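The lines below spell out each chain.
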Amino acid sequence: MNIIENEIPYMVEAKTCGCTERGKSISYHFIESSHSLCLDKGELILSQIQACERLLKYSKDDDETVVLKDEISKLKLALDLLKY
């Protein structure tokens, strides 16, 4: 039997949008829907952190960079609180 691994290495993708009154915000969506039913809170938050860090590498807008760094710090704090 041949098994071909066809999964995407990342589960969540992050995008920034400037559609809120307070400025830019971050939205997330699942790249592969099969994982969306079996994630616990820690895995989901960790996936969001990874998605924001990937997006931060390509960010050239200063406002976007600030929003992404703020989101990453909030997600890391939430992950730390979840562990304890």
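Predicted model, so just to flag it, every value in this text is computed and none were measured.

Caption draft 1: A look at the overall build of the protein chain. When you go through the protein chain residue by residue, the secondary structure sums to 2 helices and 2 strands. Mapped in sequence order, the helices and strands of the protein chain form the string β-β-α-α. Taking all 84 residues of the protein chain together, 25% fall into the buried category. Of the contacts formed within the protein chain by residues at least 6 apart in sequence, a portion of 49% connects residues at least 24 apart. Per element, the accessible surface of the protein chain, about 6,600 Å² overall, is 53% carbon and sulfur.

Caption draft 2: Structural view of the packing of helix α1 (residues 41-58) against helix α2 (residues 62-83). At a minimum axis separation of 9 Å, α1 and α2 run at an interaxial angle of 160 degrees. By the criterion of interaxial angle, the relationship of α1 to α2 is roughly antiparallel. Every pair of crossing elements has a handedness; the one defined by α1 and α2 is left-handed. On α2, the residues touching K41, G42, I45, L46, Q48, I49, C52, E53, L55 and L56 of α1 are T65, L68, K69, E71, I72, L75, K76, A78, L79 and L82.

Caption draft 3: Summary view of the nonpolar core. If you look at the biggest cluster of nonpolar residues, it comprises 12 residues: V12, A14, I26, I45, I49, A51, C52, L55, L68, I72, L75 and L79. Every element with two or more residues in this core is listed here: β1 (12-20), α1 and α2. Sorting elements by how many residues they give to this core places α1 first, with 5 residues.

Caption draft 4: Representation of the pattern of salt bridges in the model. For the coordinates displayed, the defined rule picks out 3 salt bridges. In this structure, the salt-bridge partner of D61 is K24, at a minimum N-O distance of 3.1 Å. In this pair, D61 is assigned in the loop between α1 and α2 and K24 in strand β2 (residues 23-30), connecting sequence segments 37 residues apart. On the basis of relative accessibility, which here comes to 33%, the residue K24 falls in the partly exposed class. Two residues, E53 and K76, come together in a salt bridge whose shortest N-O distance is 3.8 Å.

Caption draft 5: Examining the side chain of Q48 more closely. Residue placement: Q48 occurs in helix α1. Its relative accessible area of 15% is what places Q48 among the buried residues.

Rules used throughout
- Residues numbered from 1 in each chain as written.
- Predicted model: local features only at pLDDT ≥ 70, side-chain atom pairs only at ≥ 80, totals over all residues.
- Heavy atoms only, no water.
- Helix = DSSP H or I, 4+ residues; strand = E, 2+ residues; numbered from the N terminus.
- Buried < 20%, exposed > 50% of the residue type's maximum accessible area, 1.4 Å probe, protein only.
- Contact = heavy atoms within 4.5 Å.
- Areas by Shrake-Rupley, 256 points an atom, 1.4 Å probe, with all protein chains shown as cover.
- Axes fitted to C-alpha atoms, helices over the stretch in contact; angles between N-to-C directions.
- Parallel < 35°, antiparallel > 145°, perpendicular 65-115°, else oblique.
- Left-handed = near helix turned anticlockwise from the far one by under 90°.
- Core = buried A, V, L, I, M, F, W, Y, C linked by side-chain atoms within 4.5 Å.
- Salt bridge = Lys/Arg side-chain N within 4 Å of Asp/Glu carboxyl O.

Function cannot be inferred from these measures alone, as they are strictly geometric.
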